[in-house]
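Fold and geometry: a report
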2 protein chains.
Amino acid sequence: MNLQDIYKSLECDLRLIEEDLTKTVYSSVDQLQASSVHLLEAGGKRIRPVFVLLSGHFGTNDKEKLRKIAVALELIHSATLVHDDVIDDADLRRGRQTVRAQWDNRVAMYTGDYILSQALQLVSQLENPEVHQILSMAMKEMCLGEIEQIRDLYNGEQTLKKYLHRIKRKTAFLIAISCQLGALISKAPLPIVRNCYLYGYYVGMAFQMTDDVLDLVGDEKTLGKPAGSDLRQGNVTLPVIYALKHDTPENKKKIKQYLESIGESGNIEEIIDVVRRSGGIDYTSRLSQRYLMKALSILEKLPMSQANQSLKMLTTFVVNRSY
Amino acid sequence: MNLQDIYKSLECDLRLIEEDLTKTVYSSVDQLQASSVHLLEAGGKRIRPVFVLLSGHFGTNDKEKLRKIAVALELIHSATLVHDDVIDDADLRRGRQTVRAQWDNRVAMYTGDYILSQALQLVSQLENPEVHQILSMAMKEMCLGEIEQIRDLYNGEQTLKKYLHRIKRKTAFLIAISCQLGALISKAPLPIVRNCYLYGYYVGMAFQMTDDVLDLVGDEKTLGKPAGSDLRQGNVTLPVIYALKHDTPENKKKIKQYLESIGESGNIEEIIDVVRRSGGIDYTSRLSQRYLMKALSILEKLPMSQANQSLKMLTTFVVNRSY
């Protein structure tokens, strides 16, 4: 079984989800309609919906409810992306202009707010207070993760612990609750719901580490944005933290000077190259493999099924992907 | 009874609400803590909490639940203000620097997102799906109202109908649901809950019209921002719409030229003066009085009580206030 097979088994559900995404953001205000559709069309892997759908198989697999959760989570994810692009002054995402580049920061802010409110309205139809509690906590954590990231831009004094804490908030939490909510809404037993959360958490951590590696090793064509975007924006990821600790004094100095000057001094292409050759990428990849193993070991504890098999394939894919 | 008396009877509850507001936005991230507290300290009249508390008297008056709703609504209101200030490039609000002026647009965006997520988390404690449905709908309507306002900046081709539609979304809806939720969470009978909503809607409409008049007739000291701020930002309010329809050809031309040039041509002080003397302020005040009367007539239909009396005083005050 490969990734196409996993997505194939969900083909019908995913098509309905695409339809729901479009329907949900429909607005009679032209500007909102245009910017929302622009955002959704930028696509992405829809991995949060896939995690919701697959986790639903550990319970009653109530497809209508699962679809609502899946659509809401993808919308929340999209809303945070459009706000993040404002924070990062980003012009490109997945090879397309960002909403803020195509229109402006104000439109991006309100498109995000609008999409978030639509997600909340959709979830409120489920009439399940626990879902609300989990979602609102996740939203708070994501905000905190982003604010921490802003605070720590160009900060070279970071630790592994701080990095892990930040990517948990920024990425892993939403993937964790995608799995948790899929199982929960399908009335799976509590220990299974808990393991789904934990599984999603480990996958999410590994997923973000892979993202941070790809940002350095990928090329602009596959990334859909310039290589080294994180470093260009001052976002100090694990490979950089590693280089700052273990590289030669000369190289450390180069990175430090770049960061201390808030990106004003030093040749960014050279800095990216220094990080690439520091061993930080290998270190980050190995750590991400450890999280992958933890995720797989949780799957072993969950009931065996075709969905479990699919999750196993998906886990391995999202961590080892090259785009 | 005067306004002080109304607030006095709620003094204890309002003090607890202030405490809850501060507690709810507490964050270990210094930046968020500072910007959130800055926003809350700017204060305001806390009229949404007051409407929640007073409407609760039409039912069981469950103070703990009412306080959660009141705090959540004030936080949602604050979150929209901080985002609106980004949209409007506003530097001053209530005589203080706005979050975006004190820090920057990015901090303002995330402060708003964070405060909103905290409000949602608070409301999720109530475990009441209907409250969620009402709130998420209100949030959507407010987004649409703001987007419509951006779309129609410097647009001189506006009608009364369009203006009413916009202020309903922008302001009246949140005040309407403050009253509705206060009654609903207190298990008031459905016809009372509905009338509370309707009452709040009429008050909210009148409230915004008063705001739009004060923006033109007030001075910088009482307003806490320059007089004519709306027009300076291109926000075409009812007095301007009236002037564009009923003033002398010469004056209409002045306003039109100002709007068509997106504020680049024409003396803004002169334009403000033209609008002031156009009769548009009187027209808007009279319309706001009509909404005030409608609000009071709904109160007549609600059970008579001290809370009802207080609402009557408050209604008259918020519409006829001079600050």
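In short, a report on the structure. (Residues numbered from 1 in each chain as written. Chains lettered and ligands numbered in written order. Predicted model: local features only at pLDDT ≥ 70, side-chain atom pairs only at ≥ 80, totals over all residues. Heavy atoms only, no water.)

Concerning empty space enclosed by the protein
All names here are of chain B. Throughout the structure, instances matching the rule amount to 7 cavities of 30 Å³ or more. If you add up the space inside the largest cavity, you get close to 120 Å³. Around the largest cavity sit 18 residues that line it, and His38, Leu39, Ala42, Arg93 and Arg94 are the ones nearest its centre. Contributions of two or more residues to the lining of the largest cavity are made by α3 (30–41), α5 (63–87) and β2 (96–97). Taken together, the residues of the lining of the largest cavity sort by class into 6 nonpolar, 6 polar and 6 charged. (1 Å grid on protein atoms, 1.4 Å probe; cavity = no way out; pocket = protein on both sides within 12 Å on 5 of 7 lines; lining within 4 Å. Points joined across faces, edges and corners; volume = space filled by probe spheres on them. Helix = DSSP H or I, 4+ residues; strand = E, 2+ residues; numbered from the N terminus. Nonpolar A, V, L, I, M, F, W, Y, C, P; charged D, E, K, R; others polar.)

Observations regarding the packing of aromatic side chains
Residues and elements named next belong to chain A. Within the structure shown, the criterion is met by 12 aromatic pairs over all chains. Taking the centre distance of 6.0 Å and the plane angle of 70° together, the rings of Phe51 and Tyr199 count as edge-to-face. In this pair, Phe51 is assigned in helix α4 (residues 47–56) and Tyr199 in helix α10 (residues 190–217), connecting sequence segments 148 residues apart. Each of the two residues, Phe51 as well as Tyr199, counts as buried. Geometrically, the ring pair formed by Tyr242 and Tyr283 is stacked, given 4.8 Å between the ring centres and 25° between the ring planes. Taken together, the residues Tyr242 in helix α13 (residues 238–246) and Tyr283 in helix α16 (residues 280–301) connect sequence positions 41 residues apart. (Phe/Tyr/Trp six-rings, centres within 6.5 Å; stacked < 30°, edge-to-face > 60°. Buried < 20%, exposed > 50% of the residue type's maximum accessible area, 1.4 Å probe, protein only.)

With respect to the packing of helix α5 (residues 63–87) of chain A against helix α8 (residues 129–151) of chain A
Residues and elements named next belong to chain A. Two numbers describe how α5 lies on α8: the axes approach to 12 Å, and their chain directions differ by 20°. Taken together, the axes of α5 and α8 are roughly parallel relative to one another. Judged by the twist between their axes, the crossing of α5 over α8 is right-handed. Taken together, the residues of α8 that come into contact with α5 (itself represented by Ile69, Leu73, Ile76, Thr80, Asp84 and Ile87) are Val131, Leu135, Met139, Met142, Glu146 and Ile150. Considering only residue class, the contact of α5 with α8 consists of 9 nonpolar, 1 polar and 2 charged. (Axes fitted to C-alpha atoms, helices over the stretch in contact; angles between N-to-C directions. Parallel < 35°, antiparallel > 145°, perpendicular 65-115°, else oblique. Left-handed = near helix turned anticlockwise from the far one by under 90°. Contact = heavy atoms within 4.5 Å.)

With respect to the relation of the copies chain B and chain A
Here the two chain copies are tied together by a rotation about an axis and a shift along that axis. The two copies are related by a screw operation: chain B maps onto chain A through 180° of rotation and 0.0 Å of translation along the axis, at an RMSD of 0.0 Å. Both copies of the chain, as the preceding transformation shows, are related through a two-fold rotation axis. Considering only C-alpha atoms, the part of chain B nearest the rotation axis is Pro129 of chain B, at 3.2 Å. Both copies present the same face, since 100% of the interface residues in chain B are matched by interface residues at the equivalent positions in chain A. (Least-squares fit on C-alpha atoms with pLDDT ≥ 70 in both.)

Some details on the side chain of Asp113 of chain A
Tracing the backbone through its elements, the reader meets Asp113 of chain A in helix α7 (residues 105–124). There is no salt bridge for the buried Asp113 of chain A, and the closest opposite charge comes from Arg106 of chain A, which lies 12 Å off by N-O distance. Among the polar contacts listed, one links the side chain of Asp113 of chain A to the side chain of His83 of chain B, at a separation of 2.7 Å. Not counting the four nearest positions on each side in its chain, Asp113 of chain A is found in contact with His83 of chain A together with His83, Asp113 and Cys143 of chain B. (Lys, Arg positive; Asp, Glu negative; His and termini not counted. Salt bridge = Lys/Arg side-chain N within 4 Å of Asp/Glu carboxyl O. Polar contact = N/O pair within 3.5 Å; in protein donor to acceptor, adjacent residues only side chain to side chain.)

Observations concerning the interface of chain B and chain A
At the interface, 36 residues of chain B touch 36 residues of chain A. When chain B packs against chain A, the two sides together hide about 3,600 Å² of surface, and 71% of this comes from carbon and sulfur. Three residues, Arg106, Tyr110 and Ile147 of chain B, lead the burial of chain B against chain A; their summed loss comes to 19% of the area buried on that side. On the surface where chain B and chain A come into contact, there are 9 residue pairs in polar contact (both at pLDDT 80 or more). Those elements that provide at least two residues to the side of chain B that touches chain A are α5, α7 (105–124) and α8 (129–151) of chain B. A per-element tally of the side of chain B that touches chain A places α8 of chain B first, with 14 residues. (Buried area = accessible area lost by both parts, 1.4 Å probe.)

Notes on the pattern of salt bridges
Residue and element names in this part refer to chain B. Overall, the coordinates contain 31 salt bridges over all chains when judged by the stated rule. Two residues, Lys63 and Asp13, come together in a salt bridge whose shortest N-O distance is 3.1 Å. In this pair, Lys63 is assigned in helix α5 and Asp13 in helix α2 (residues 11–24), connecting sequence segments 50 residues apart. Overall, the relative accessible area of 40% leaves Lys63 in the partly exposed class. Judged by its relative accessible area of 10%, Asp13 falls in the buried class. Close ionic contact of Glu74 with Arg46 constitutes a salt bridge, the shortest N to O distance being 3.1 Å. On the criterion of sequence distance, the pair formed by Glu74 in helix α5 and Arg46 in the loop between α3 and α4 (47–56) is long-range, its members being 28 residues apart. A relative accessible area of 2% places Glu74 in the buried class.

Details of the packing of α5 of chain B against α7 of chain B
All names here are of chain B. Where α5 meets α7, the axes come as close as 8 Å, and the angle between the chain directions of the two elements is 165°. Regarding the angle of α5 to α7, the classification is roughly antiparallel. As for the relative orientation of α5 and α7, their crossing is left-handed in sense. Contacts between α5 and α7 pair Lys68, Val71, Ala72, Leu75, Ile76, Ala79, Val82, His83 and Val86 from the former with Asn105, Ala108, Met109, Gly112, Asp113, Ile115, Leu116, Ala119, Leu122 and Val123 from the latter.

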